[in-house]
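Listed below, chain by chain, are the residues.
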Amino acid sequence: MPSSPPTFRRSRAAAPSSKSKLQKIAATGVGWLQANLSLTPFNSIVDPNPWGSSGDVRLIPDLNARFRTALTGSPTPFDMVAGNIVELDGSPWVGCTRTMLSDALAELKAATGLSVIAAFEHEFHIEGDFGPAHSMSLAALRRADPFAANLIAALAEAGVAPEVVIAEFGTDQFEVTCEPADALAAADRAVAIREITREVARCAGWRASFAPKIAPDAVGNGVHIHFSFVDEAGKPATYDPAQPGGLSSRTASFCAGVLRHLPAITAMTAASVSSYYRLKPHSWSSSYTWLADRDREASLRICPTVTIGGRDPARQYNIEYRAADATGNPYLSLAAIVRAGLEGLKAKLPAPPLVTGDPTQMSAAERKKLGLVRLPETLPAALDALVADKTVTGWFAPVFVETFVGLKRHETERLAGLDPVAVCDLYRTLY
Ligand code: GLU
Ligand code: MG
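Here the structure is a predicted model, which is why all the values come from computation and not from measurement.

S.K.: Which residues make up the overall build of the chain, and what are the values?
M.R.: The helix and strand tally for the chain stands at 14 helices and 12 strands. A compact globule built from 431 residues should have a C-alpha radius of gyration of about 22 Å, and the chain, at 22 Å, falls within 12% of that. In terms of principal-axis extent, the alpha carbons of the chain reach across some 70 × 55 × 55 Å. Relative to its 431 residues, the chain shows a buried fraction of 51%. Of all intrachain contacts in the chain linking residues separated by at least 6 positions in sequence, the fraction that spans at least 24 positions is 71%. Accessible surface computed for the chain: about 19,200 Å², of which carbon and sulfur atoms make up 55%.

S.K.: Please provide a residue-by-residue account of the site of ligand 1, values included.
M.R.: Neighbouring residues of ligand 1: Glu-123, Glu-168, Glu-175, Val-219, Gly-220, Gly-222, His-224, Arg-278, Trp-284, Ser-285, Arg-296 and Arg-322. A distance of 2.9 Å separates a nitrogen atom of ligand 1 from a polar atom in the backbone of Gly-220. Within the side chain of His-224, a nitrogen or oxygen atom sits 2.8 Å from an oxygen atom of ligand 1. Tallied by class, residues from the shell around ligand 1 come to 2 nonpolar, 4 polar and 6 charged.

S.K.: Kindly report on the nonpolar core, identifying the contributing residues and their values.
M.R.: Burial of nonpolar side chains together is a common tendency in soluble globular proteins. In terms of nonpolar packing, the biggest core is built from 103 residues, with Phe-227 and Tyr-321 touching the most fellow members. In this structure Tyr-321 touches Val-223, His-224, Ile-225, Phe-227, Val-258, Leu-262, Ile-265, Thr-266, Thr-269, Ser-299, Leu-300 and Ile-337, once residues within four positions along its chain are discounted.

S.K.: Quick one: what's the story with the coordination of the magnesium ion (ligand 2), residue by residue and with numbers?
M.R.: Every protein donor of the magnesium ion (ligand 2) is accounted for by Glu-123 (OE), Glu-168 (OE) and Glu-175 (OE), and the metal-donor separations fall at 1.9 to 2.1 Å. All donor residues of the magnesium ion (ligand 2) come from one chain, and their arrangement in sequence is E-x44-E-x6-E. Taken together, the positions of Glu-123 in strand 4 (residues 115–127) and Glu-175 in strand 6 (residues 173–178) put the pair 52 residues apart, joining distant regions of the chain. An identical accessibility class is assigned to Glu-123 and Glu-175; each is buried.

S.K.: An account of the packing of helix 2 (residues 97–112) against helix 5 (residues 183–203) is needed here, citing residue identities and associated values.
M.R.: Across the interface, helix 2 lies against helix 5 with an axial gap of 10 Å and an inter-helix angle of 155°. Comparing the axis directions of helix 2 and helix 5 gives the class roughly antiparallel. The crossing of helix 2 and helix 5 is right-handed. Residue-level contacts link Arg-98, Leu-101, Ser-102 and Leu-105 of helix 2 to Ala-183, Leu-184, Ala-187 and Asp-188 of helix 5. Grouping the amino acids of the contact of helix 2 with helix 5 by side-chain chemistry returns 5 nonpolar, 1 polar and 2 charged.

S.K.: So what's going on with helix 6 (residues 249–269)? Residues and values would help.
M.R.: For helix 6, spanning 21 residues, the distance from its first C-alpha to its last is only 25 Å, which falls clearly below the expected 30 Å at 1.5 Å a residue. For helix 6, the buried fraction is high: 18 of the 21 residues fall into the buried class.

S.K.: Quick rundown of helix 14 (residues 420–430)? Include the residues and the values.
M.R.: Among the residues of helix 14, Val-423, Cys-424, Tyr-427 and Arg-428 are the ones counted as buried. On an axial view of helix 14, the arc spanned by its buried residues comes to 135°, and they lie on one face. In this structure, the buried residues of helix 14 make contact with strand 4, strand 8 (207–209), helix 7 (275–278) and helix 13 (398–415).

S.K.: Mind laying out the packing of aromatic side chains, listing which residues take part and the relevant values?
M.R.: All told, the structure shown has 15 aromatic pairs when counted by the stated rule. Where Phe-124 meets Phe-174, the ring centres are 6.1 Å apart and the plane angle is 25°; that geometry is what we call stacked. Residue Phe-124 is found in strand 4, and its partner Phe-174 is found in strand 6; the two are separated by 50 residues along the sequence. The pair formed by Phe-124 and Phe-174 is uniform in burial state, with each residue classed as buried. An angle of 50° between the planes, with centres 5.2 Å apart, marks the rings of Phe-227 and Phe-254 as tilted. In this pair, Phe-227 is assigned in strand 9 (residues 223–230) and Phe-254 in helix 6, connecting sequence segments 27 residues apart.

S.K.: An account of the environment of Val-258 is needed here, citing residue identities and associated values.
M.R.: For Val-258, the location among the structural elements is in helix 6. A relative accessible area of 0% means that Val-258 is categorised as buried. Along the backbone, Val-258 and Ala-26 are 232 residues apart, and their C-alpha atoms lie at a distance of 36 Å. Those residues within four positions of Val-258 in sequence are excluded, and the remaining contacts are Leu-300, Tyr-321, Ile-337, Ala-340 and Gly-341.

Analysis parameters
- Residues numbered from 1 in each chain as written.
- Chains lettered and ligands numbered in written order.
- Predicted model: local features only at pLDDT ≥ 70, side-chain atom pairs only at ≥ 80, totals over all residues.
- Heavy atoms only, no water.
- Helix = DSSP H or I, 4+ residues; strand = E, 2+ residues; numbered from the N terminus.
- Rg over C-alpha atoms; globule rule 2.2 N^0.38 Å.
- Buried < 20%, exposed > 50% of the residue type's maximum accessible area, 1.4 Å probe, protein only.
- Contact = heavy atoms within 4.5 Å.
- Areas by Shrake-Rupley, 256 points an atom, 1.4 Å probe, with all protein chains shown as cover.
- Near = heavy atom within 4 Å.
- Polar contact = N/O pair within 3.5 Å; in protein donor to acceptor, adjacent residues only side chain to side chain.
- Nonpolar A, V, L, I, M, F, W, Y, C, P; charged D, E, K, R; others polar.
- Core = buried A, V, L, I, M, F, W, Y, C linked by side-chain atoms within 4.5 Å.
- Donors = N, O, S within 2.8 Å, 3.2 Å for Na, K, Ca; no water.
- Axes fitted to C-alpha atoms, helices over the stretch in contact; angles between N-to-C directions.
- Parallel < 35°, antiparallel > 145°, perpendicular 65-115°, else oblique.
- Left-handed = near helix turned anticlockwise from the far one by under 90°.
- Expected span 1.5 Å × (residues − 1).
- Arc of directions from axis to C-beta.
- Phe/Tyr/Trp six-rings, centres within 6.5 Å; stacked < 30°, edge-to-face > 60°.

Below you can see the structure in the form of structure tokens.
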């Protein structure tokens, strides 16, 4: 990777002292403030908010969650550490979404012995100075060369374990996937992937956008959240070949819980006004509370397993939550999915039906029989569904729910009067 000599010398010289400084800082963290939970995407803070102008918390880095690479093309290395927000005495802060995810995972494990393995698959658009190319073609990838190679190298060096970067279906749309990991690490990786992708694009003079829709008629950018389970011995616990679709009974109850609470958690996993232009039938995104075997219209898709050469499906078998995008906080999104699944496990909910066919072509009675409920069609409707589901709001501190709903209602009000083209155009520049 070419880099100018002065930059190289500077980053090498800075390395030893910056390491010890980071370790020192890690003990007590850096300052943050509660009202920042009310920060809008438009660089303003909702006023009034539950926190006001007083109060201080600390951001404590988790040094096991450090993502560092000198390969983005930027003059200094990309260096990011994920962490938790705590009170000044080190106790957890109710507004820390990383802690919410850790707590949800711990409760799932305590109740069932199951640990979650996850991977976030990201789609994004690039605005660049390259010409047109056919969807998913080699030319679509090569015209952006060396973007894909640089991105893979940077993600690999950062420890994200990338799998592929591909040219996707939409015009100038790409996708990046990474290997599954422990659920908390998977959410950390999701943050790193977004930031590193943006930086590699920026260093090429381009702009990457993870907005759910860059234009109302553009192909959507989904974040597909893959999950599976291992038991206490580390053995795969998601798959049972004897059951419909291969769902183990515990996976089936988990999925039933997710579907039951899906209309309410959509506000968290698809958290912007433009998210709801994406969650429409026939968009391969998801629009009903729907579990299906390898159907891209479903909200929960049972992913394929490959048995070439006698490979074991049990370790590959996973479910994909598709009603998510990059305007959702990855920690909060996964925490909500895990909490919803845990409700299904605690209630021992039966396996949801594996739905085939097109819900929009079914009668209302047919949809009702299959448990197909249309997901909220706007952000305000999603917030109403969230507030109405007391089980879901009960997973979080009341002040957190108040902050989240207040923030998102404010976001909606800010955009009142803008047509969908203008809304997409704005989010395109913000995510
Ligand atoms: N672009 C689709 C979405 O908005 C997903 C297409 C795919 O299955 O890769 O989620
Ligand atoms: Mg895709």
